[in-house]
Amino acid sequence: MDIFSKMLAGGIIDKNDPELPQLWKIVSQTIALSSVLNRATNTNQIREQLSKIIGSSIDSSTIVFVPFHTNFGKHIRLGKNVFINHGCSFLDLGGIIIEDDVLIGPKVNIITENHPIDPANRKSLDLAKVVIKQNAWIGAGATVLPGVTIGQNSIVAAGAVVTKNVPDNTIVGGIPAQFIKNII
């Protein structure tokens, strides 16, 4: 299994993994491409540049506003009819899947990366995928932490920090995010 497969499988990537230079090479490319992305002047240019970063074509129904930040990009998957507002940051080494019809408010952080608690191993990576299911809405300034799945039709309130899975048809909010109510 190569380092990219290990990253998507989740868990610890040792700080001394001999394949880490391959990861940092893509990070450097993403930094360069992000500069072009964040100077784009229309949604078509944004889709074109972000498609280069993530390595797959973004559907014409999906709209992303800049600035948009990612450290890697290759592990982001965007569905159709997705809307991502200004100032979002996606740290995607562990994988981010955003299904169709998702709304993401401004300044949302989606993070798939953590580090071990042990100080001797802290520079290693601890990765876990984030999945945002169809028709979910992530409010402004929310943060979704590694390993979390946001259920179908669910809402994450503005400013929430989501540390656990959110069931389908549920509204959560707060720090850490807690159940507020069911939808329907």
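Note: the structure precedes this text.
Residues numbered from 1 in each chain as written. Predicted model: local features only at pLDDT ≥ 70, side-chain atom pairs only at ≥ 80, totals over all residues. Heavy atoms only, no water.

Turning our attention to the packing of aromatic side chains. Both the distance between ring centres and the angle between the ring planes are used here to describe each pair of aromatic rings. Summed over the entire model, instances satisfying the criterion amount to three aromatic pairs. Plain terms: the ring middles of Phe 4 and Phe 72 are 6.1 Å apart, the flat faces sit at 25° to each other, and that makes the pair stacked. Here Phe 4 is found in helix H1 (residues 3-9), whereas its partner Phe 72 is found in the loop between strand S3 (68-70) and strand S4 (76-78), with 68 residues between them in sequence. Here the two residues Phe 4 and Phe 72 agree in accessibility, since each one is buried. Arranged with centres 4.9 Å apart and planes meeting at 75°, the rings of Phe 68 and Phe 90 form a pair that is edge-to-face. One end of the pair, Phe 68, is in strand S3; the other, Phe 90, is in strand S6 (residues 88-91), and 22 residues separate them in sequence. We note that Phe 68, like Phe 90, is buried. (Phe/Tyr/Trp six-rings, centres within 6.5 Å; stacked < 30°, edge-to-face > 60°. Helix = DSSP H or I, 4+ residues; strand = E, 2+ residues; numbered from the N terminus. Buried < 20%, exposed > 50% of the residue type's maximum accessible area, 1.4 Å probe, protein only.)

Turning our attention to the packing of helix H2 (residues 20-37) against helix H3 (residues 43-54). Packing of H2 against H3 leaves a shortest axis separation of 9 Å and a crossing angle of 175°. Comparing the axis directions of H2 and H3 gives the class roughly antiparallel. Across the interface between the two elements, Thr 30, Leu 33, Ser 34, Val 36 and Leu 37 of H2 pack against Ile 46, Gln 49, Leu 50, Lys 52 and Ile 53 of H3. Residue composition of the contact of H2 with H3, grouped by class: six nonpolar, three polar and one charged. (Axes fitted to C-alpha atoms, helices over the stretch in contact; angles between N-to-C directions. Parallel < 35°, antiparallel > 145°, perpendicular 65-115°, else oblique. Contact = heavy atoms within 4.5 Å. Nonpolar A, V, L, I, M, F, W, Y, C, P; charged D, E, K, R; others polar.)

The next thing to look at is the pattern of salt bridges. Opposite charge on two side chains permits them to pair, given that their charged atoms come into close proximity. The full count for this structure, using the stated rule, is two salt bridges. Between Asp 17 and Lys 6 there is a salt bridge, with the nearest N and O atoms lying 2.8 Å from each other. A residue pair is termed long-range when its members are at least 10 positions apart, and Asp 17 in the loop between strand S1 (11-13) and H2 and Lys 6 in helix H1 qualify at eleven residues. For Glu 19, the salt bridge goes to Lys 6, with nearest N and O atoms at 3.9 Å. Of this pair, Glu 19 sits in the loop between S1 and H2 while Lys 6 sits in helix H1, placing them 13 residues apart in sequence. Under the relative-accessibility criterion, Lys 6 is labelled partly exposed at 26%. Within the structure, one salt-bridge network assembled from shared partners comprises Lys 6, Asp 17 and Glu 19. (Salt bridge = Lys/Arg side-chain N within 4 Å of Asp/Glu carboxyl O.)

Looking now at H3. End to end, H3 covers 16 Å across twelve residues, agreeing with the expected 16 Å (1.5 Å per residue, within 8%). Considered for burial, the residues of H3 that qualify are Ile 46, Arg 47, Gln 49, Leu 50, Ser 51, Ile 53 and Ile 54. In the core, the buried residues of H3 are packed alongside H2, strand S2 (63-64), S3 and S4. Where H3 terminates, the next one or two residues include Gly 55, which has phi positive at roughly 80°. (Expected span 1.5 Å × (residues − 1).)

Let's shift gears to the side chain of Glu 113. The residue Glu 113 is located in strand S10 (residues 113-114) in this model. Although Glu 113 lies buried, it forms no salt bridge, and the closest oppositely charged side chain, Lys 129, sits 13 Å away as judged by the N-O distance. Only 3.3 Å separates the side chain of Glu 113 from the backbone nitrogen of Asp 92, close enough to count as a polar contact. For Glu 113, the side chain forms a polar contact with the main-chain nitrogen of Leu 93, separated by 2.9 Å. Aside from chain neighbours lying at most four places away, what touches Glu 113 is Asn 71, Leu 91, Asp 92, Leu 93, Asp 126, Leu 127 and Pro 146. (Lys, Arg positive; Asp, Glu negative; His and termini not counted. Polar contact = N/O pair within 3.5 Å; in protein donor to acceptor, adjacent residues only side chain to side chain.)

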